[in-house]
Amino acid sequence: MLNKKAGKLVCVGTGMRMAGQLTPLAKSYIESFDVVIAAVPNMFTRKWLQGVAKEYVCLLDHYDDTKVDGKTRRDTYRRMADTILHEVRQGKKVCAAFYGHPGIFACISHMAIADARQEGFEAHMEPGISALDSLVADLGIDPGTFGMQSMEATQFMIYQRQIDPTALLVLWQIGIAGDLTLKRFETEPAHLQIIVNKLMKTYSPDHEVILYEAATHPLEQTRADKIRLCELPQAALKQITTLVIPAANKMQIDQEIVDQLRALSDSRVAWPLLVQVLLK
Ligand SMILES: C[S@@+](CC[C@H](N)C(=O)[O-])C[C@H]1O[C@@H](n2cnc3c(N)ncnc32)[C@H](O)[C@@H]1O
């Protein structure tokens, strides 16, 4: 049997909405582990965590690193993972909590788990309710109907990507689209115009897109604003906005593949018949 070191790490998600979206398993880790380390922006969730955790460490101040010359969000995320690991190395049972799902667009937990395992500590992730889960429920979109593509807005901008207009496209972090400095927390119409121009190679300027913001507490309204793609540069966006682009075209049958599959099922029907004839 492997001899694991004393420290332990579990990364949990708190869901999108304050209270109610935390799984019982995540809650039990938060309440029972030696220390809870969190990067949770919602003040009420933070207060609740502080109240129930045996010890609480807040990672949010690490974002200030981006104000230092030469440092970017990458340095912030690295330092957050290092802070988590520091506690694990003390031999503590550490619960790292992130809003939404701890592993969706949340590289810190992936880094911390990989580092902890590399150093011989037990580490794992518990799933949480993500913005995508909320989107499916709030907008009534089933990603299985036409298929779904999901990517980060700036990544879509700066890499050559093949978009399938017959499937749903979800662009995360549209509110900081085009930020190459990895320091900013907003975008500008000029940057959004560039992403719109790129999207217009696939979609018409009039294609209806949705600006989605899940409510994060009971007094907040979910935003699901439908606008034309060409209106995006003038739209008010937040850090939490997700851009949802419904399919524009109908799926086309791939007749060659359908014929190959039909031939397979035809031959399966034919084989038992052939066996029966031979055995007569
Ligand atoms: C760093 S990612 C974190 C995602 C989070 N871990 C999750 O599981 O949803 C931040 C992005 O998630 C999406 N997001 C976060 N909060 C949201 C909300 N309340 N409504 C819609 N999308 C949200 C936005 O695209 C935002 O730019």
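Residues numbered from 1 in each chain as written. Predicted model: local features only at pLDDT ≥ 70, side-chain atom pairs only at ≥ 80, totals over all residues. Heavy atoms only, no water.

J.: I tried to follow the pattern of salt bridges on my own but got confused; where do I start?
T.: In a structure, side chains of opposite charge can pair up when their charged atoms sit close to one another. Counting across every chain of the model gives 16 salt bridges. Taking the shortest distance from any N to any O, the salt bridge between Asp138 and Arg17 comes out at 3.3 Å. Here Asp138 is found in helix H5 (residues 131-139), whereas its partner Arg17 is found in the loop between strand E1 (8-13) and helix H1 (24-32), with 121 residues between them in sequence. Overall, the relative accessible area of 28% leaves Arg17 in the partly exposed class. Linking Glu231 and Arg228 is a salt bridge whose minimum nitrogen-to-oxygen distance equals 3.5 Å. Classification of Arg228 as partly exposed rests on a relative accessible area of 38%. The structure contains a network of salt bridges with shared partners spanning Glu213, Arg223, Asp225 and Lys238. (Salt bridge = Lys/Arg side-chain N within 4 Å of Asp/Glu carboxyl O. Helix = DSSP H or I, 4+ residues; strand = E, 2+ residues; numbered from the N terminus. Buried < 20%, exposed > 50% of the residue type's maximum accessible area, 1.4 Å probe, protein only.)

J.: What's the story with the sheet that holds strand E9 (residues 223-228) in this structure? I'm lost.
T.: Within a sheet, adjacent strands bond to each other through the backbone by hydrogen bonds, running parallel or antiparallel. Across the sheet, five strands lie side by side as E6-E7-E10-E8-E9; this open sheet has mixed pairing. Only two strands of the sheet have a single neighbouring strand rather than two, namely strand E6 (148-152) and E9. Each neighbouring strand pair of the sheet contributes to a mean axis angle of 20°, computed without reference to strand direction. Inspection of the sheet shows strand E7 (residues 168-172) paired to strand E10 (residues 242-245) by three bridges, in the antiparallel sense. (Pairing = 2+ DSSP bridges. Axes fitted to C-alpha atoms, helices over the stretch in contact; angles between N-to-C directions.)

J.: Where do I start with the domain arrangement of the protein in this structure?
T.: In many analyses, interface size is given as the accessible surface area lost on bringing the parts together. Looking at the assigned domains, one finds that the protein contains domain 1 (8-129) and domain 2 (132-245). Just the C-alpha atoms count here: the centres of domain 1 and domain 2 sit 26 Å apart. At the junction of the two partners, domain 1 supplies 18 residues and domain 2 supplies 19 residues. At the boundary of domain 1 with domain 2, total buried surface from both sides reaches about 1,500 Å², with 57% on carbon and sulfur atoms. The largest per-residue losses of area from domain 1 upon contact with domain 2 belong to Arg17, Arg73 and Phe105, which jointly make up 45% of the total buried on that side. The interface formed by domain 1 and domain 2 holds two salt bridges in total. Between Arg73 and Asp179 there is a salt bridge, with the nearest N and O atoms lying 3.3 Å from each other. (Domains from an automatic or database assignment. Contact = heavy atoms within 4.5 Å. Buried area = accessible area lost by both parts, 1.4 Å probe.)

J.: Would you take a moment to explain helix H2 (residues 43-52) for this structure?
T.: What H2 keeps buried is the set Thr45, Arg46 and Leu49. Mapping the buried residues of H2 onto a view down its axis gives an arc of 100°, with all of them on the same face. Structural note: H2 exposes Lys47 and Gly51 on the side pointing more than 90 degrees away from its buried face. Residue Asn42 occupies the N-cap position of H2, its side-chain oxygen lying 2.9 Å from the main-chain nitrogen of Phe44. (Arc of directions from axis to C-beta. Polar contact = N/O pair within 3.5 Å; in protein donor to acceptor, adjacent residues only side chain to side chain.)

J.: Help me understand a nonpolar patch on the surface in this model?
T.: Among the surface-exposed residues, Ile158, Tyr159 and Leu180 lie close enough to one another that they form a single nonpolar patch of about 360 Å² accessible area. Position of Tyr159 relative to the elements: it lies in the loop between helix H7 (153-158) and E7. (Patch = residues over 30% accessible without salt bridge, like charges linked within 9 Å, V, L, I, M, F, W, Y side chains within 5 Å. Areas by Shrake-Rupley, 256 points an atom, 1.4 Å probe, with all protein chains shown as cover.)

J.: Even after reading the chapter, I still don't get the nonpolar core, so can you show me in this structure?
T.: One recurring pattern in soluble globular proteins is that nonpolar side chains are buried together. Membership of the largest hydrophobic core comes to 22 residues, with the highest contact counts inside it found for Leu9, Ile37, Ile84, Val94, Phe98 and Ile108. Those elements that place two or more of their residues in this core are E1, strand E2 (35-39), helix H3 (73-89), strand E4 (93-98) and helix H4 (107-118). For this core, the element with the highest residue contribution is H3, accounting for six residues. (Core = buried A, V, L, I, M, F, W, Y, C linked by side-chain atoms within 4.5 Å.)

J.: Teacher, can you tell me more about the environment of Ile30 here?
T.: Here Ile30 lies in helix H1. Judged by relative accessible area, Ile30 falls into the buried class, the value being 0%. Between the C-alpha atom of Ile30 and that of Val12, which follows or precedes it by 18 residues, the distance is 8.4 Å. With residues up to four places along the chain from it excluded, the contact list for Ile30 reads Val12, Leu22, Val36, Trp48, Leu49, Val52, Ala53 and Cys95.

J.: Which parts of the structure should I look at to understand the pairing of E7?
T.: Across a regular strand the side chains alternate sides, sitting on one face of the sheet and then on the other. Counting buried positions along E7 gives five out of five residues, so the element sits mostly inside the fold. Burial along E7 is two-sided: Leu168, Val170 and Trp172 and Leu169 and Leu171, pointing in opposite directions, are all buried. Relative to E7, E6 is paired through five bridges, and the arrangement is parallel. Directly across from Met151, in E7, lies its bridge partner Leu171. The handedness of the E6 to E7 crossover, carried by H7, is right-handed. (Right-handed = clockwise from strand over helix to strand, strands pointing away.)

J.: Teacher, can you tell me more about the site of the ligand here?
T.: Surveying the vicinity of the ligand reveals 18 residues, the closest of which are His101, Ile104, Ala131, Ala214 and Thr242. At a separation of 3.4 Å, a nitrogen atom of the ligand approaches a polar backbone atom of Tyr99. Note that an oxygen atom of the ligand is positioned 2.8 Å from one of the backbone N or O atoms of Gln239. Coverage of the ligand by the protein amounts to 93% of the 570 Å² it exposes when considered alone. Among the residues forming the shell around the ligand, the class breakdown is nine nonpolar, eight polar and one charged. The residue makeup of the shell around the ligand includes at least three contributed by each of domain 1 (8-129) and domain 2 (132-245). (Near = heavy atom within 4 Å. Nonpolar A, V, L, I, M, F, W, Y, C, P; charged D, E, K, R; others polar.)

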